[in-house]
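This is what each chain is made of:
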Amino acid sequence: MEELTRRFLAHFEQHYGQPFPADPYEQLRLAILAVFHSWNNDRAIAYREREKIPHDLGTAVNVQAMVYGNMGDDSGTGVAFTRNPATGAKEIYGEYLMNAQGEDVVAGVRTPVPIAELARENAAIYQQFADVCRILEEHYRDMMDIEFTIERGRLFILQCRVGKRTGAAAVKIAVDMANEGLISREEALSRVTPEQLDQVLHPQIDPNAALTVIARGLNASPGAASGIAVFDAATAVRLGKGGQGQQIILVRPETNPDDLRGMLASEGILTERGGMTSHAALVARGFGIPAVVGCEAIHVDVERREFHVDGRVVREGDEITIDGTTGRVILGRVALLPPSLTGEFGELLRWADAVRRLGVRTNADTPEDTERAVEFGAEGIGLCRTEHMFFAEGRRPIVQQMILAAPEAKAAQATVARLEAEREKADGAHRAHLEEELRQARAAAEEPTARYQGALDRLLPFQREDFVGIFRALGGRPCTIRLIDPPLHEFLPSREQLLEQVITLRATEPTSPQLAEAERLLTAVENLHEQNPMLGLRGCRLSILYPEIVTMQVTAIFQAAVEVQKSGIPVRPEIMIPLVGHVNELRVLREQLEATARQVMAEAGVEIDYQFGTMIEVPRAALTADEIARYAEFFSFGTNDLTQTVFGYSRDDAEGKFLYAYLERKILPSNPFETLDAAGVGKLMQLAVEAARAVNPTIKLGICGEHGGDPESIALCHRIGLDYVSCSPFRVPVARLAAARAALSVAGPADK
Ligand code: PEP
Ligand code: MG
């Protein structure tokens, strides 16, 4: 001990440039300063960034007399929660160690004993502790995390704070406490953050999957995760989330606060040592990262970047799966299943539904996604991207045929139209000559036109079947269907791919039909090439040039609607025209497509309750919302494109090129493609909302960009008075809660 002390004093002097002070007041002063300085260490900064805590908030220091848990076998120390922080069960949950200090418990160096053991070992102290738990919980009206020390048989409470908990525990505790009368339902809603709810939606391991379980540890933080094993935090940061974006599992002997950034970059955490209150367990639970800790069957060798278990070696880069719900460690990747939403989860969401004003719809384009979203509480589809159906199995060749034939057909038809116009003005011999030319042009137009129409005719039944499935899954709920949007080249192979194919085929099979086909596709891709395809021939522009495609889509939609409605399920299609920037685009397309819709309904003798509307995705549409609203029963803000066009940032490239640097240097407060930019995009949306409602008070307004599932953006949508948000099926429960919390914070200061 003397040698250790001497070395420590020397280390101090070297590090701080002054000897360790002998004056206790000076020691205290330096200790206090050390706490203040800790505000700006790397792990504190990482924590605040993750938790969105302002960096200028500052901290406080509390000075207390010390008690000692390492004064013999009648002393000890521990950490306990007033309820189970993993499941939310109403039971005192924690661990302690006799003859030890707090550091020994949290550092995970010694594996502590469950608190229930204390009840046997020292019933009086346990009872006293249980009473303190009850008093503190009733006082703070929340689940508390309590640190205690027993010094020579006497219990001291060192500190208590609101306990960190898993998403599942947050939901159960909030619902239980509301049912116990400790808090109101509104408080319960404000207690569960959307991030915590999101955790409950973590996928679980398929119980029927064949697994190679190689070890078992403590199930410290629920959910399953697969990824490559990585053995230190720096590598995790480099390879994981925010770095190369690989899925990784951080494997450590134990973790300490310096590992925080690496832990946040990981899908899951596995430690050899440490209990349920170890650093790894607490951090993982708090951030919703699946974790298995105290897995003593494995031996982690950080130097060699591998771990050993039962004679088996798992090296850095090998794939493993951890199941934080059961504590299993599994070799390789594993099939995961979506979670089920019952019990307290369902109850909390029903309370949310009673409070929220915003509707919640889903973005879905298959019957399966629709069904899942409806199970999660979606009130309809807010965005069905019809072109996704073009990518399905067996359809691509037909779509490619359509794309190849369409420009040829259009060019040939344009020649016919030009000759017809010329002929009207011509006379005599010239007219006769034109007649002949026209006859030839008409004949030349026939083949590509037939090919184009032929492809559309073959696509129509596919689209119709898709919609039949979706309408059935919706069971009468509304369905916003967005007509074809992306530029046509997206349905073709890339230019590079085709070039490679053509070059190879020319060398190996110069007369093959595959070569002719590849060459035709290559020509088409080159003809469709644009410098800025996202600002090019897409959305309604494509529909105006090639109206036959959307006519086919609307025919398919209404034929499907007729079929499903005839079977007794009402159908409410809402036809949405994308990327409108000028009212005339919507006016012309609506006129044409509404005529098609009427024709299908008239032929079937069935009336469908339909609407027409548009997306607001470019600034001009937002600025002229009053003009556009005259031709639309609804608007849906396509905030992916709207963010792109308002900022002038490419949604496909910005993140990789400069956006992360902007975020790091705090040029932007958050990624505008994730969280709506309130001051710019949000302001423009508000302008459009007001302008649209002024001319069309019944217009329905929603959002279907990715922001529709982001809690902060949902709050903005609530504030500017949208009618609904739409997001991916798995975000639907989160959106229901976020919408309720938005309503509560507007009504009163219930939200933090
Ligand atoms: C949008 O732009 O926000 C949108 C929903 O459409 P997409 O993402 O398909 O362009
Ligand atoms: Mg868009």
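Draft legend 1. Region of interest: the overall build of the protein. If you tally the helices and strands in the protein, you get 28 helices and 26 strands. Taking the principal axes of its C-alpha atoms as reference, the protein extends roughly 120 × 65 × 55 Å. For the protein, with 752 residues in total, the buried portion stands at 50%. Contacts in the protein between residues at least 24 apart in sequence constitute 67% of all its contacts with a sequence separation of at least 6. Carbon together with sulfur atoms contributes 51% to the accessible area of the protein, which is approximately 34700 Å² in total. Distance between charge centres in the protein, computed from 79 positive and 105 negative side chains, equals 2 Å.

Draft legend 2. Inspection of the site of ligand 1 at higher detail. Surveying the vicinity of ligand 1 reveals 14 residues, the closest of which are R385, G638, N640, D641 and R651. Between an oxygen atom of ligand 1 and a side-chain N or O atom of R385, the distance comes to 2.8 Å. D641 places a main-chain nitrogen or oxygen 2.9 Å from an oxygen atom of ligand 1. Within the complex, 95% of the 290 Å² of free accessible area of ligand 1 lies under protein.

Draft legend 3. Local environment of the sheet that holds strand β4 (residues 144-151). Taken in spatial order, the 5 strands of this open sheet run β3-β2-β1-β4-β5, and their pairing is antiparallel. Either end of the sheet is taken by a strand with one partner, and the two such strands are β3 (113-114) and β5 (154-162). In this sheet, β5 lies alongside β4 in antiparallel orientation, the contact comprising 8 bridges. The residue bridging E151 from the neighbouring strand is R154, located in β5.

Draft legend 4. Structural detail: the coordination of the magnesium ion (ligand 2). Taken together, the protein ligands of the magnesium ion (ligand 2) are E617 (OE) and D641 (OD), with distances of 1.9 to 2.0 Å. In this pair, E617 sits in the loop between β23 (611-616) and α22 (619-623) while D641 sits in helix α24 (residues 639-647), placing the two residues 24 residues apart along the sequence. Across the pair, exposure class does not vary: E617 and D641 are buried alike.

Draft legend 5. Quick look at the environment of D310. Relative to the assigned elements, D310 resides in the loop between β14 (306-309) and β15 (312-315). Taking the C-alpha atoms as reference, D310 lies 52 Å from A715; in sequence the two are 405 residues apart.

Draft legend 6. The domain arrangement of the protein, seen in detail. One can read the domain layout of the protein as domain 1 (2-51), domain 2 (76-165), domain 3 (202-337) and domain 4 (356-487 + 530-747). The centre of domain 1, based on its C-alpha atoms, is set 60 Å off from the matching centre of domain 4.

Draft legend 7. Structural view of the nonpolar core. Grouped together as the largest cluster of nonpolar side chains are 107 residues, with contacts concentrated most on F471, F558, F635 and L722. Ranked by the residues each element gives to this core, the list is headed by helix α20 (residues 547-566), at 11 residues. In this view, F635 contacts T614, I616, A625, I628, A629, A692, I699, K700, L701, G702 and Y724; residues no more than four positions away in its chain are not counted. Counting 48 residues, the second-largest nonpolar core is a separate cluster that includes F81, A174, L250 and L264.

Draft legend 8. Looking closely at a nonpolar patch on the surface. A cluster of nonpolar side chains, namely M66, Y68 and M71, defines an oily patch on the protein surface of about 290 Å² accessible area. For M71, a relative accessible area of 33% corresponds to the partly exposed category.

Draft legend 9. Spotlight on the packing of aromatic side chains. Within this structure, the stated rule accounts for 12 aromatic pairs. With centroids separated by 5.9 Å and ring planes inclined at 25°, the aromatic side chains of F467 and F471 adopt a geometry described as stacked. Highlighted residues: F467 and F471, both in helix α16 (residues 428-474), separated by 4 residues, approximately one helical turn. Overall, the relative accessible area of 0% leaves F467 in the buried class. Sitting over the ring of Y724, R361 keeps its end group 4.4 Å from the ring centre.

Rules used throughout
- Residues numbered from 1 in each chain as written.
- Chains lettered and ligands numbered in written order.
- Predicted model: local features only at pLDDT ≥ 70, side-chain atom pairs only at ≥ 80, totals over all residues.
- Heavy atoms only, no water.
- Helix = DSSP H or I, 4+ residues; strand = E, 2+ residues; numbered from the N terminus.
- Buried < 20%, exposed > 50% of the residue type's maximum accessible area, 1.4 Å probe, protein only.
- Contact = heavy atoms within 4.5 Å.
- Areas by Shrake-Rupley, 256 points an atom, 1.4 Å probe, with all protein chains shown as cover.
- Lys, Arg positive; Asp, Glu negative; His and termini not counted.
- Charge placed at Lys NZ, Arg CZ, Asp CG, Glu CD.
- Near = heavy atom within 4 Å.
- Polar contact = N/O pair within 3.5 Å; in protein donor to acceptor, adjacent residues only side chain to side chain.
- Pairing = 2+ DSSP bridges.
- Donors = N, O, S within 2.8 Å, 3.2 Å for Na, K, Ca; no water.
- Domains from an automatic or database assignment.
- Core = buried A, V, L, I, M, F, W, Y, C linked by side-chain atoms within 4.5 Å.
- Patch = residues over 30% accessible without salt bridge, like charges linked within 9 Å, V, L, I, M, F, W, Y side chains within 5 Å.
- Salt bridge = Lys/Arg side-chain N within 4 Å of Asp/Glu carboxyl O.
- Phe/Tyr/Trp six-rings, centres within 6.5 Å; stacked < 30°, edge-to-face > 60°.
- Lys NZ or Arg CZ within 6 Å of the ring centre and 35° of its normal.

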